[in-house]
Amino acid sequence: MSDKKATLKIDGMDAAIELPIYSGTLGPDVVDVGSLTGKGMFTYDPGFVSTAACESQITYIDGGQGVLLHRGYPIDQLAEQSDYLETCFLLLYGELPTRAEKEEFVRTVHNHTMVHEQIRTFFNGFRRDAHPMAIMCGVVGALSAFYHDSLEISEERDRQVAAFRLIAKMPTLAAMSYKFSIGQPFMYPDNTLSYAENFLHMMFGNPCEPSTISPVLAKAMDRIFLLHADHEQNASTSTVRLAGSSGANPFACIAAGIAALWGPSHGGANEAVLKMLEEIGDVSRIDEFVARAKDKDDPFRLMGFGHRVYKNFDPRAKVMKEAADDVLAELGIENDPLLAIAKRLEEIALHDEYFIEKKLYPNVDFYSGIILKAIGIPTSMFTVIFAVGRTVGWIAHWHEMISGSYRIGRPRQLYTGHQQRDYVPLDKR
Ligand code: CMC
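1. Focus on the pattern of salt bridges
- Applying the stated criterion across every chain, the model contains 18 salt bridges.
- Across the pair Arg 127 and Asp 129 runs a salt bridge whose closest N-O atoms are separated by 2.8 Å. Neither residue differs from the other here; Arg 127 and Asp 129 are each classed as exposed.
- Put simply, Arg 316 and Asp 314 hold a salt bridge, and the shortest N to O gap is 2.9 Å.
- The class for Asp 314 is buried, based on a relative accessible area of 3%.
- By sharing partners, the salt bridges in this structure join Asp 83, Glu 86 and Lys 102 into a single network.

2. Observations regarding helix H8 (residues 215-227)
- Taking 1.5 Å per residue, 13 residues should reach 18 Å; H8 reaches 18 Å between its end C-alpha atoms and fits that length.
- With ten of 13 residues buried, H8 lies mostly within the body of the structure.
- Of all the residues in H8, the buried ones are Leu 217, Ala 218, Ala 220, Met 221, Asp 222, Arg 223, Ile 224, Phe 225, Leu 226 and Leu 227.
- Packing partners of the buried residues in H8 comprise helix H1 (75-81), helix H2 (84-93), helix H7 (195-204), helix H13 (315-330), helix H16 (364-375) and helix H17 (382-403).
- The residue sitting at the N-terminus of H8 and contributing the capping side-chain oxygen is Ser 214; that oxygen lies 3.2 Å from the backbone nitrogen of Val 216.

3. A look at the sheet that holds strand E6 (residues 73-74)
- Strand order across the open sheet formed by three strands is E4-E5-E6, with antiparallel pairing between neighbours. Two strands close off the open sheet at either side, each with one partner strand: strand E4 (59-62) and E6.
- In this structure, E4 lies alongside strand E5 (residues 67-70), joined through four bridges in antiparallel fashion. Residue pairing in the sheet places Asp 62 in a bridge with Val 67 of E5.

4. Regarding the sheet that holds strand E1 (residues 5-8)
- With antiparallel pairing, three strands are arranged side by side in an open sheet as E1-E2-E3. Both outer strands of the open sheet, E1 and strand E3 (30-31), are each paired with one neighbouring strand and no more.
- In this structure, E1 lies alongside strand E2 (residues 17-22), joined through four bridges in antiparallel fashion. If you follow Thr 7 over to E2, its bridge partner there is Glu 18.

5. Let's talk about the nonpolar core
- In terms of nonpolar packing, the biggest core is built from 117 residues, with Leu 173, Met 221, Leu 345 and Ile 377 touching the most fellow members.
- With residues near it in sequence (within four places) discarded, Met 221 still touches Ala 196, Phe 199, Leu 200, Leu 372, Ile 375, Ile 377 and Ile 385.
- Among the nonpolar cores identified, the runner-up in size contains six residues, and Ile 10, Ile 17, Ile 21 and Leu 36 belong to it.

6. So, the environment of Cys 88
- Within the secondary structure, Cys 88 sits in helix H2.
- What makes Cys 88 buried here is its relative accessible area of 0%.
- The sequence separation of Cys 88 and Ile 402 amounts to 314 residues, and the corresponding C-alpha distance is 18 Å.
- Ignoring any residue separated from it by four or fewer positions in sequence, one finds Cys 88 in contact with Phe 105, Ile 167 and Val 392.

7. Section: the site of the ligand
- By nearness alone, 21 residues border the ligand, and His 266, Lys 296, Leu 302, Arg 308 and Lys 358 come closest of all.
- Within the backbone of Leu 302, an N or O atom sits 2.7 Å from a nitrogen atom of the ligand.
- The side chain of Tyr 354 places a nitrogen or oxygen atom 3.0 Å from a nitrogen atom of the ligand.
- A total of 950 Å² of accessible area belongs to the ligand in isolation, and the protein chains cover 77% of it.

8. Thoughts on the pairing of E4
- Here E4 shows a buried face lined by Thr 59 and Ile 61 and an unburied face lined by Tyr 60 and Asp 62.
- The turn linking E4 back onto E5 is made up of four residues, and Gly 66 within it adopts a positive phi angle of 70°.

9. Points about the packing of aromatic side chains
- Within this structure, the stated rule accounts for 17 aromatic pairs.
- Centroid distance Phe 105 to Phe 164: 5.4 Å. Interplanar angle 50°. Geometry classified as tilted. Of the two residues, Phe 105 is situated in helix H3 (residues 99-111) and Phe 164 in helix H6 (residues 156-182); the sequence distance between them amounts to 59 residues. Exposure class is identical for Phe 105 and Phe 164. Each is buried.
- The structure contains a cluster of three or more aromatic residues connected by ring pairs, namely Phe 305, Tyr 354, Phe 355, Phe 366 and Tyr 367.
- The lysine or arginine in question, Arg 120, covers the ring of Tyr 188, its NZ or CZ lying 4.4 Å from the ring centre.
- Stacked on the ring of Phe 180, the Lys or Arg Arg 128 has its end atom at 4.3 Å from the ring centre.

10. Observations concerning unusual backbone geometry
- A positive phi is found at Arg 71, a non-glycine position, where the angle reads about 50°.
- The topology assignment puts Arg 71 in the loop between E5 and E6.
- With relative accessibility at 21%, the residue Arg 71 sits in the partly exposed group.
- You will see that Glu 232, though not glycine, has its phi angle at about 40°, which is positive.
- Residue placement: Glu 232 occurs in the loop between H8 and helix H9 (235-244).

11. Re the packing of H6 against H7
- Contact pair H6 / H7: the axes reach a minimum separation of 8 Å and the direction vectors enclose 20°. As judged from the angle between their axes, H6 and H7 are roughly parallel. The hand of the H6/H7 crossing is right-handed. Contacts between H6 and H7 involve Ile 167, Pro 171, Thr 172, Ala 174, Ala 175, Tyr 178 and Lys 179 from the former and Tyr 195, Phe 199, Met 202, Met 203 and Phe 204 from the latter.
- Within the contact of H6 with H7, the residues separate by chemical class into ten nonpolar, one polar and one charged.

Reading the values: rules and limits
Residues numbered from 1 in each chain as written. Predicted model: local features only at pLDDT ≥ 70, side-chain atom pairs only at ≥ 80, totals over all residues. Heavy atoms only, no water. Salt bridge = Lys/Arg side-chain N within 4 Å of Asp/Glu carboxyl O. Buried < 20%, exposed > 50% of the residue type's maximum accessible area, 1.4 Å probe, protein only. Helix = DSSP H or I, 4+ residues; strand = E, 2+ residues; numbered from the N terminus. Expected span 1.5 Å × (residues − 1). Contact = heavy atoms within 4.5 Å. Polar contact = N/O pair within 3.5 Å; in protein donor to acceptor, adjacent residues only side chain to side chain. Pairing = 2+ DSSP bridges. Core = buried A, V, L, I, M, F, W, Y, C linked by side-chain atoms within 4.5 Å. Near = heavy atom within 4 Å. Areas by Shrake-Rupley, 256 points an atom, 1.4 Å probe, with all protein chains shown as cover. Phe/Tyr/Trp six-rings, centres within 6.5 Å; stacked < 30°, edge-to-face > 60°. Lys NZ or Arg CZ within 6 Å of the ring centre and 35° of its normal. Axes fitted to C-alpha atoms, helices over the stretch in contact; angles between N-to-C directions. Parallel < 35°, antiparallel > 145°, perpendicular 65-115°, else oblique. Left-handed = near helix turned anticlockwise from the far one by under 90°. Nonpolar A, V, L, I, M, F, W, Y, C, P; charged D, E, K, R; others polar.

What follows is the structure, encoded as structure tokens:
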């Protein structure tokens, strides 16, 4: 907090309005406009471009400098030296765990990986060709019908159990949604495996043979989860907070977050990138697609480029690009046609005046799709994998909100509809 104040002078109003200004530990100051409603006025900020909706201590982003910190630790250091579950601990509890705390945390997550047997039958209600994100919206929301013992959100213990259940069960449900789509039996989790290995085992294993999991691919998978773990107040996290602000249970809130993530402007972009590369089809057609992306009359956008906050580079994309190189080398993929298109597209866009001027750089989803495809993950599962990784961020923000003082989220509007008018009976219209 600071002693600084902003003064708002409004035409037709005698006295100026004084608004307090708060300073965080990093980042721009914020003007507290909460008192404006008492003066009969709201602020107007579609897309929340200039609006801080909450106070948070979890993640900090400086989009101009390409900085992303989780609890103060830079994302590249975490990606290099930490692992996904340790980063989950950090996001949830605010500090890196000691060795004993880490072991206990990992053990607890492993103890929660199985889902209620009844959930298996729940899947049968879906069509085999259902999009896995559609299934995830349904089954994650349905968890609230299975775990009645952890729904008292005012109890710290219940919130912790719900967090463990969600982090542990998301890979199981994600793999089940894939197995269901290809008609293979669901795989039970193997709790002797690491988080990422277990996910690959449930995705690609079958009950007839032991799973063989490449350590390089498991490491890449873990890094993908880690790089998606949190990203402060993005659309899906804000959705989770808004749903949670009404007192809804955590499983329902996370299902709301999954729905918000699904769109191609957000988590759905990784799937859209691959579809776009397939549509381009050949390096010779890149110029045509770049021209379309620049054409104001064409709704087409280069998927995997641009970001609301990053106007320099996406620090996650930098790490993801290195991981992509490792995975492709491990798998001996050097001449993949889609990869060739991606590389050339990146080169052209990075040197094109339109993209330079608008500060449109490749984002995390541009490279994650390439890695996931190389690992053999079907395109329709890309956004599901984003959801698995992001679950801890959603839960950490939900927990931070519920643990502090909060009010139900209730944005206001600039109304431009009809003024009051009288009802016209049917025979007079
Ligand atoms: N291709 C072509 N033009 C673009 C693109 C793009 N990918 N992204 C933005 N622009 C243009 C846009 O047309 C606008 O031009 P003008 O000022 O002439 O009207 C300008 O750049 C600013 O764009 P905006 O839509 O106002 O920016 P935004 O902050 O509202 O949108 C975005 C950010 C990520 C939704 C957008 O860049 C986009 O649609 N990118 C493609 C989808 C994508 O890759 N999304 C994944 C984001 S990273 C993963 C995550 O965290 O969710």
